[in-house]
Amino acid sequence: MGKGVIERDVEQKVPDANTPMVLYCGGGFRSALAAENLQKMGYTHVLSMDGGIRAWREKRYPLTTG
């Protein structure tokens, strides 16, 4: 989900506030803001991927599509 809709739609998509979530974006800034908002909404296991997907790719970590 995009940052613009995550706070609006998360409760429908992820009703269990204890569900582990890793948020990411291009550089890690928007996902950090979204993670902070989700934590304020009561989600307890929310992380933001440091550096975003760009850092992930630069480190040549594996990517899969699902």
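Check the entry above for the structure.
Parameters at a glance
- In this convention, every chain numbers its residues from 1, walking through the sequence in written order.
- In view of the model being predicted, local features appear only for residues whose pLDDT reaches at least 70, and side-chain atom pairs are presented and counted only at 80 or more, with totals across whole chains, interfaces and linings using the full set of residues.
- Calculated side-chain values reflect all of the structure's heavy atoms, with hydrogen atoms and water omitted.
- A run of H or I in DSSP counts as a helix once it spans at least four residues, and a run of E counts as a strand once it spans at least two, with each numbered from the N terminus.
- Burial status follows relative accessibility: with a 1.4 Å probe on protein chains alone, a residue under 20% of its type maximum counts as buried, one over 50% as exposed, and anything between as partly exposed.
- Any two residues whose heavy atoms approach within 4.5 Å at even a single point are treated as in contact.
- This arc describes the spread of directions from the helix axis toward the C-beta atoms.
- Classification of ring pairs uses Phe, Tyr and Trp, with its six-membered ring standing for Trp, and accepts pairs whose centres are within 6.5 Å; under 30 degrees between planes counts as stacked, over 60 as edge-to-face, and the remaining range as tilted.
- Every angle, taken between N-to-C directions, lies between 0 and 180 degrees, and every axis is a line fitted to C-alpha atoms, over only the stretch in contact when it is a helix.
- With respect to orientation, any angle under 35 degrees is reported as roughly parallel, any angle over 145 as roughly antiparallel, any angle of 65 to 115 as roughly perpendicular, and every other angle as oblique.
- Left-handed is the label given to a crossing in which the near helix is rotated counterclockwise from the far helix by less than a right angle, and right-handed is the label when the rotation is clockwise.
- Following the grouping adopted for this structure description, the nonpolar residues are Ala, Val, Leu, Ile, Met, Phe, Trp, Tyr, Cys and Pro, the charged ones are Asp, Glu, Lys and Arg, and the polar ones are all others, Gly among them.

Visitor: Looking at this model, I keep getting lost on the overall build of the protein. Mind explaining?
Guide: In terms of helices and strands, the protein carries three helices and two strands. Dimensions of the protein, computed from the C-alpha atoms along their principal axes, are close to 35 × 25 × 20 Å. When the 66 residues of the protein are sorted by exposure, 29% land in the buried category. If you take every contact in the protein between residues at least 6 apart in sequence, the share linking residues at least 24 apart comes to 59%.

Visitor: Is there a simple way to think about helix α1 (residues 3-13) in this case?
Guide: Every buried residue of α1 is listed here: I6, D9 and V10. Projected down its long axis, α1 carries its buried residues within an arc of 135°, all on one side. Structural note: α1 exposes G4, R8 and Q12 on the side pointing more than 90 degrees away from its buried face.

Visitor: I would appreciate a short explanation of the packing of aromatic side chains in the present structure.
Guide: The geometry of an aromatic ring pair is captured by the separation of the ring centres together with the interplanar angle, meaning the angle of the planes. Per the stated rule, a full pass over the model turns up one aromatic pair. Ring geometry for W56 and Y61: centres 4.7 Å apart, planes at 70°, overall edge-to-face. With relative accessibility at 28%, the residue W56 sits in the partly exposed group. A residue is classified by how much of its surface remains accessible, and Y61, at 41% relative accessible area, is partly exposed.

Visitor: Help me out: how do you make sense of the environment of G42 in this one?
Guide: With respect to the secondary-structure elements, G42 resides in the loop between α2 (29-40) and β2 (46-48). What makes G42 partly exposed here is its relative accessible area of 35%. Once the C-alpha coordinates of G42 and Y61 are considered, the two residues, 19 residues apart in sequence, prove to be 30 Å apart.

Visitor: Is there a simple way to think about the packing of α1 against α2 in this case?
Guide: Between two packed helices, what matters for the description is the angle formed by their axes and the separation of those axes. Here α1 crosses α2 at 20°, and the two axes come no closer than 10 Å. Relative to α2, α1 is oriented roughly parallel. At the point where α1 passes α2, the crossing takes the right-handed sense. Contacts from K3, I6, E7 and V10 in α1 reach R30, L33, A34, N37 and L38 in α2. The residue inventory of the contact of α1 with α2, partitioned by class, reads five nonpolar, one polar and three charged.

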